Amino acid sequence: QVQLVESGGGLVQAGGSLRLSCAASGRTFGRYVMAWFRQTPGKAREFAAAIQWSGGSTEYASSVKGRFTISKDNAKNTVYLQMNSLKPEDTAVYYCAVRASWTQIRRSSEYDYWGQGTQVTVSS
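From a predicted model like this one, the values you see are computed outputs, not experimental measurements.

## Let's talk about the sheet that holds strand S1 (residues 2–7)
Pairing is antiparallel across the open sheet formed by 4 strands, whose spatial order is S1-S3-S8-S7. Where the open sheet ends on each side, the last strands, each with one partner, are S1 and strand S7 (68–73). Adjacent strand axes in the sheet meet at a mean angle of 20 degrees, parallel and antiparallel pairs treated alike. Judged from the 6 bridges that link them, strand S3 (residues 18–26) and strand S8 (residues 78–83) form a sheet pairing that is antiparallel. Bridge pairing in S8 places Leu 20 opposite Leu 81.

Quick look at the structure:
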């Protein structure tokens, strides 16, 4: 069992930056993926970014590539999402998730553990 807690959401003006954190606790994995998804009312949960815990491979959705950076701190069991050049379209609840395999990392249904989410609001 893994517990995930997101933090760092808030209100920011367009063009600004936010840094989200996701702290993991509980059972550890020798090899797993941590990812960020986001969801707005009336829409399906959307993949944003993922990172492989061992090796550090990353993948980004086209909508955030070049603006968002996912990173990790192994000692703290924490993954971060640095969000720069924020747009109003980035407004959403951002969720952290974990799965054991690097395959199908863009599909939310493949993830076993989820945090409660943190709200990001970008004003124009």
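## Some thoughts on the packing of aromatic side chains
Summed over all chains, the structure comprises 6 aromatic pairs. For the ring pair Phe 37 and Phe 47, a centre distance of 5.6 Å and an interplane angle of 75 degrees mean the geometry is edge-to-face. Of this pair, Phe 37 sits in strand S4 (residues 33–39) while Phe 47 is found in strand S5 (residues 46–52), placing the two residues 10 residues apart along the sequence. Among the residues examined, Phe 37 registers a relative accessible area of 0% and is labelled buried. In textbook terms, an aromatic cluster arises when at least three aromatic residues are bridged by ring pairs, as seen for Phe 37, Phe 47, Tyr 95, Tyr 111 and Trp 114.

## Quick word on the pattern of salt bridges
A complete count under the given rule lists 5 salt bridges for this structure. We note a salt bridge from Arg 38 to Glu 46, for which the minimum N-O separation is 3.0 Å. A relative accessible area of 7% places Arg 38 in the buried class. Its relative accessible area of 35% is what places Glu 46 among the partly exposed residues. In this structure, Glu 59 engages Arg 106 in a salt bridge whose closest nitrogen and oxygen atoms are separated by 2.5 Å. Of this pair, Glu 59 sits in strand S6 (residues 58–60) while Arg 106 sits in the loop between strand S9 (92–99) and strand S10 (113–114), and the two are 47 residues apart along the sequence. Arg 106 gets classed as partly exposed once you look at its relative accessible area, which sits at 41%. Three or more residues are tied together by salt bridges with common partners; here these are Arg 38, Glu 46, Arg 67 and Asp 90.

## Overview of the nonpolar core
Grouped together as the largest cluster of nonpolar side chains are 37 residues, with contacts concentrated most on Met 34, Trp 36, Leu 81, Met 83 and Tyr 94. Of all the elements in the fold, those that place two or more residues in this core are S1, S3, S4, S5, S7, S8, S9 and strand S11 (118–123). Setting aside chain neighbours within four positions, we find Tyr 94 in contact with Glu 6, Leu 20, Trp 36, Phe 37, Arg 38, Phe 68, Leu 81, Met 83, Gly 117, Thr 118 and Val 120.

## Some points on the pairing of S11
Residues of S11 alternate between two faces, with Thr 118, Val 120 and Val 122 buried on one and Gln 119, Thr 121 and Ser 123 left unburied on the opposite face. Across 3 bridges, S9 lies against S11 in antiparallel orientation. Within S11, the residue paired with Tyr 94 across the bridge is Thr 118.

Analysis parameters
- Residues numbered from 1 in each chain as written.
- Predicted model: local features only at pLDDT ≥ 70, side-chain atom pairs only at ≥ 80, totals over all residues.
- Heavy atoms only, no water.
- Pairing = 2+ DSSP bridges.
- Helix = DSSP H or I, 4+ residues; strand = E, 2+ residues; numbered from the N terminus.
- Axes fitted to C-alpha atoms, helices over the stretch in contact; angles between N-to-C directions.
- Phe/Tyr/Trp six-rings, centres within 6.5 Å; stacked < 30°, edge-to-face > 60°.
- Buried < 20%, exposed > 50% of the residue type's maximum accessible area, 1.4 Å probe, protein only.
- Salt bridge = Lys/Arg side-chain N within 4 Å of Asp/Glu carboxyl O.
- Core = buried A, V, L, I, M, F, W, Y, C linked by side-chain atoms within 4.5 Å.
- Contact = heavy atoms within 4.5 Å.

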